[in-house]
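# Fold and contact review
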Amino acid sequence: QPGFVKKEHVREGAIVIDVGTTRVEDPTRKKGFRIAGDVDFDEVAPKTRAITPVPGGVGPMTIAMLMQNTLKACQQQTGLFV
């Protein structure tokens with residue numbers, strides 16, 4: 001959901017990686033829409049140490065590596081290996 005993550009959801013100095021992409025209607029744009037992330041960038045950015053923009057922040061390879069590392073962390077914490 002575009003802009004779902006607000007400043008109250010983020011700790012001071014956090015690193016935020018926004019991988020969400022949603023088309024939002026925007027009649028001022030040539031295509032009639034713009035791409036928005038799950039994080040309300042303008043509200044959250046001042047609170048963070050680093051934040052990725054949408055669009056242009058992460059690509060498919062970054063998303064794949066994030067998922068792989070999340071799975072690995074879960075396996076290490078639970079001892080379950082699937």
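Refer to the structure presented above.
All figures in this text were calculated on a predicted structure; none of them were measured in a lab.

## Side note on the overall build of the protein
Across its full length, the protein carries two helices and four strands. In the protein, the order of α-helices and β-strands from amino to carboxyl end is β-β-β-α-β-α. At 15 Å, the protein has a C-alpha radius of gyration far larger than the 12 Å of a compact globule built from 82 residues. Each principal axis of the C-alpha atoms in the protein carries an extent, and together these give about 50 × 30 × 20 Å. The 82 residues of the protein split such that 18% are buried. A fraction of 57% describes how many contacts in the protein between residues 6 or more apart in sequence connect residues 24 or more apart. Accessible surface, the protein as shown: approximately 6,400 Å² in total, 57% of it carbon and sulfur.

## Here's the deal with a nonpolar patch on the surface
A surface patch of nonpolar side chains, amounting to about 490 Å² of accessible area, comprises Ile15, Ile17, Val19, Ile63, Leu66 and Met67. Here the nonpolar patch takes three residues from helix α2 (residues 60-78), the largest share from any one element. Looking at the element boundaries, Met67 is found in helix α2.

## Quick word on the nonpolar core
Membership of the largest hydrophobic core is limited to five residues, which are Val10, Val16, Val39, Val44 and Ile51. Among all residues touching Val10, those that are not within four sequence positions of it are Val5, Val16, Val44, Lys47 and Thr48.

## Side note on the pattern of salt bridges
For the structure shown, the criterion picks out three salt bridges. Where Lys6 meets Asp40, a salt bridge forms, and the shortest distance between an N and an O atom there is 3.1 Å. Of the two residues, Lys6 is situated in the segment before β1 (15-16) and Asp40 in the loop between β3 (33-36) and α1 (41-44); the sequence distance between them amounts to 34 residues. Put simply, Arg29 and Asp26 hold a salt bridge, and the shortest N to O gap is 3.5 Å.

## As for the packing of aromatic side chains
Within the structure shown, the criterion is met by zero aromatic pairs. Residue placement shows Arg23 over the ring face of Phe33; its charged tip is 4.3 Å from the ring centre.

## Observations regarding α2
Compared with the 27 Å implied by 1.5 Å per residue over 19 residues, the 27 Å span of α2 between its first and last C-alpha is a close match. Looking one or two residues past α2, Gly79 carries a phi angle of roughly 80 degrees, positive in sign.

Cut-offs applied
- What you see as residue numbers is a count from 1 along each chain, following the sequence as written.
- Side-chain atom pairs in this predicted model are given and counted only at pLDDT of 80 or more, local residue features only at pLDDT of at least 70, and totals for whole chains, interfaces and linings cover all residues.
- The basis for every side-chain value is the complete set of non-hydrogen atoms in the structure, without hydrogens or water.
- Under the DSSP-based scheme used, a helix requires at least four consecutive residues in state H or I and a strand at least two consecutive residues in state E, with every element numbered from the N terminus.
- What the globule rule says is 2.2 Å times the number of residues to the power 0.38, and the radius of gyration is computed from C-alpha atoms.
- Exposure classes here rest on a 1.4 Å probe applied to the protein chains alone. A residue is buried below 20% of its type maximum, exposed above 50%, and partly exposed in between.
- By definition in these notes, contact holds between two residues if any of their heavy atoms fall within 4.5 Å.
- For the accessible areas, the method is Shrake-Rupley and the probe is 1.4 Å, while residue cover comes only from the protein chains on display.
- Within this analysis, patches are made of residues with over 30% relative accessible area and no salt bridge. Like charges are joined at 9 Å or less; nonpolar side chains (Val, Leu, Ile, Met, Phe, Trp, Tyr) at 5 Å or less.
- Each salt bridge in this description consists of a side-chain nitrogen of Lys or Arg and a carboxyl oxygen of Asp or Glu lying within 4 Å of one another.
- Side-chain atoms within 4.5 Å are what join buried Ala, Val, Leu, Ile, Met, Phe, Trp, Tyr and Cys residues into a set we call a nonpolar core.
- Between 30 and 60 degrees the pair is tilted, below 30 it is stacked and above 60 it is edge-to-face, where a pair is any two Phe, Tyr or Trp rings, Trp via its six-membered ring, whose centres lie within 6.5 Å.
- Each ring is checked for a lysine NZ or an arginine CZ that lies within 6 Å of its centre and within 35 degrees of its normal; such an atom marks a charge sitting over the ring.
- Here, expected helix span is obtained from the residue count minus one, scaled by 1.5 Å.

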